[in-house]
Amino acid sequence: MTSSSAEHFEGSVDPFPREDLSARIGRSELLERRRQAWQPYLLGLALAMLALAFPMERLWGEMNLVRTAAEGGRGLGLGVPLLRIAARWFSHEQAAFAFAAICAGLAIPALRALMLTIGFSHSVAMRGLGVVVLAPLFLLGATSAVLLAPGVLGATLIARELFRLNKDKSMRALWRVSSVFFLGLLLDPTILLLLPAAGLALVPFAAPRRLPLWAPSAGLTLTIGFCVYILLGAGDPDALDQLFRAMLAGGDGPTLTHLGEWLIWLPISLGIGWLGIVSLLAGKRTSEESPPPSWTRAWCLMALVPVIGGSPLAMPALGLLLPLAAVGLVDHLARMERDDRMRQRAKLLLLSQLGLGLLAWGTLFATDPLEPWREEAQKNLNPGDLVFSSHPGHIYLLEHRYGVATGRPEDEGATQRAIQATANGVRVVLDGPLPKAPASLRAAAATSINVRIGQPEG
């Protein structure tokens, strides 16, 4: 440019407004970050609303969470007290469904935060989370009145703190791990299974402080042990047995009795999520890629402990694996060399998980042993009836879902109660023939409208 040209443009408007352009780019990036931050919360809200709209009607074992809250029993965490507070406006079972749905919704932003803490991008993280959210186990936790979804939320928060240890090895990190672990115990006591993994993650804290290798882990164990002691009511044997049974999926100890059920449930539970577990623990990596922390193996091993205990039909377990399954899937996608291949792989995994989820959901509904009984009960019973039953599942449904008064035929005074109910115009119903019921009770019920429900009780 000649000097005359420079003089001509001197004082004129800058044809390339750098400052204005930089400001516009900054505002655009800020809006993009805000939009990304809101995405998991909106997805979680949508999931919670869908879970509340389509709750799982199938019963799992003795439904201890609802029973304990309704019968005045002592719970081990936040679940029972929260249900009792919510029971002022809803039934205990409705409150349990809401608690599970809310925790499942909050688990999605918690999982995203976990991925960002590790270092994954938002776009890859959300694609991987979409696959995990459709896992049958995650959907089951969101729609069932059990502590599965709260356990997933607690495990996700703990996993994030353990991954943060790679960047922060200060004393604050130790307190954060202890505090978040205690919060996880309040959400679901079975999170105690993750204590060995958390202790192993704290081993590197010993060397910089010239401590024995076991010292940080022992400190965490003592802290959590004291918290568990308080939660158990200063060593209440009944509460300890309840905690032990919860960690073993309703079982009393190691057994292979339900091995066949677990062989079916294991591949169904996580679906494509098992690819994430395998990729995380055994996937091939280049020399430039860092392997997963050693505590992740202890995490997965301890999360499988329920397999040697009870039955998946008594308590749907393995939810503690979901956070690491999500990490593995996101890591699998992030290591794809090209973005287009990553997007195609994510779509394939998402569609496969959706198909497996629908198949698993249909199977759970089709194999529900109480579905014929529920249909008959809803068709023939009225809220004002008095139903005598010996079936625990039937009694649960009558009391907590249908709001129908119940009685056990073997209870003392059952006949007198039936006669008095009939005199007051209450319809007395026998849940099946009940051959072991006293003849006087059957005679008393025969004077009213006797509706037989379900199969005869042997």
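Given the structure is predicted, the values throughout are model-derived calculations rather than measurements.

> I would appreciate a short explanation of the packing of aromatic side chains in the present structure.
Geometry of an aromatic ring pair is reported as the spacing of the ring centres plus the angle between the planes. This structure, assessed with the given rule, holds four aromatic pairs. Geometrically, the ring pair formed by Trp 38 and Tyr 41 is edge-to-face, given 6.3 Å between the ring centres and 65° between the ring planes. Here Tyr 41 and Trp 38 lie together in helix H2 (residues 18-53), a separation of three residues that amounts to about one turn. Judged by centre distance (4.9 Å) and plane angle (65°), the rings of Phe 163 and Trp 295 are edge-to-face. Of this pair, Phe 163 sits in helix H8 (residues 148-164) while Trp 295 sits in helix H15 (residues 295-303), and the two are 132 residues apart along the sequence.

> Hey, could you run me through empty space enclosed by the protein in this one?
Left-over empty space is what a probe sized like a water molecule reveals as it rolls over the atoms. The full count for this structure, using the stated rule, is two cavities of 30 Å³ or more. Considered as a void within the structure, the largest cavity measures approximately 60 Å³ in volume. Residue lining of the largest cavity: Leu 76, Leu 185, Pro 189, Leu 192, Val 228, Leu 231, Leu 232 and Leu 243, and that is the complete set. Split by residue class, the lining of the largest cavity holds eight nonpolar, no polar and no charged. Approximately 30 Å³ is the volume found for the second largest cavity. Forming the boundary of the second largest cavity are Ala 104, Leu 137, Phe 138, Gly 141, Ala 142, Leu 148, Ala 149 and Val 152.

> I would appreciate a short explanation of the sheet that holds strand E2 (residues 405-407) in the present structure.
A sheet is described by the order of its strands in space; here three strands give the open sequence E2-E1-E3, paired in parallel fashion. The sheet is open, and its two borders are formed by E2 and strand E3 (428-430), each paired with just one other strand. Shown here is a sheet whose adjacent strand axes are inclined to one another by a mean of 25°, direction ignored. Here strand E1 (residues 386-388) pairs with E2 via three bridges, running parallel. Each residue of the ladder has a partner; that of Val 387, found in E2, is Thr 406.

> Hey, could you run me through the packing of H8 against H15 in this one?
Relative orientation of the contacting elements H8 and H15 amounts to 160°, with a least axis distance of 12 Å. One finds that H8 runs roughly antiparallel with respect to H15. Remark: the crossing between H8 and H15 carries right-handed chirality. The residues of H15 that touch H8, namely those facing Ala 155, Ile 158, Ala 159, Leu 162 and Phe 163, are Trp 295, Thr 296 and Trp 299. Residues of the contact of H8 with H15, tallied by class, amount to seven nonpolar, one polar and no charged.

> What exactly am I supposed to notice about helix H5 (residues 92-118) here?
Along an α-helix, residues three or four positions apart point the same way, because every turn accommodates 3.6 residues. The first and last C-alpha atoms of H5 sit 38 Å apart over 27 residues, in line with the 39 Å expected at 1.5 Å per residue. Burial of H5 is extensive: 19 of the 27 residues sit out of reach of the surface. Downstream of H5 by a residue or two, Gly 119 has a phi angle that is positive, lying close to 125°.

Rules used in this analysis
Residues numbered from 1 in each chain as written. Predicted model: local features only at pLDDT ≥ 70, side-chain atom pairs only at ≥ 80, totals over all residues. Heavy atoms only, no water. Phe/Tyr/Trp six-rings, centres within 6.5 Å; stacked < 30°, edge-to-face > 60°. Helix = DSSP H or I, 4+ residues; strand = E, 2+ residues; numbered from the N terminus. 1 Å grid on protein atoms, 1.4 Å probe; cavity = no way out; pocket = protein on both sides within 12 Å on 5 of 7 lines; lining within 4 Å. Points joined across faces, edges and corners; volume = space filled by probe spheres on them. Nonpolar A, V, L, I, M, F, W, Y, C, P; charged D, E, K, R; others polar. Pairing = 2+ DSSP bridges. Axes fitted to C-alpha atoms, helices over the stretch in contact; angles between N-to-C directions. Parallel < 35°, antiparallel > 145°, perpendicular 65-115°, else oblique. Left-handed = near helix turned anticlockwise from the far one by under 90°. Contact = heavy atoms within 4.5 Å. Expected span 1.5 Å × (residues − 1). Buried < 20%, exposed > 50% of the residue type's maximum accessible area, 1.4 Å probe, protein only.

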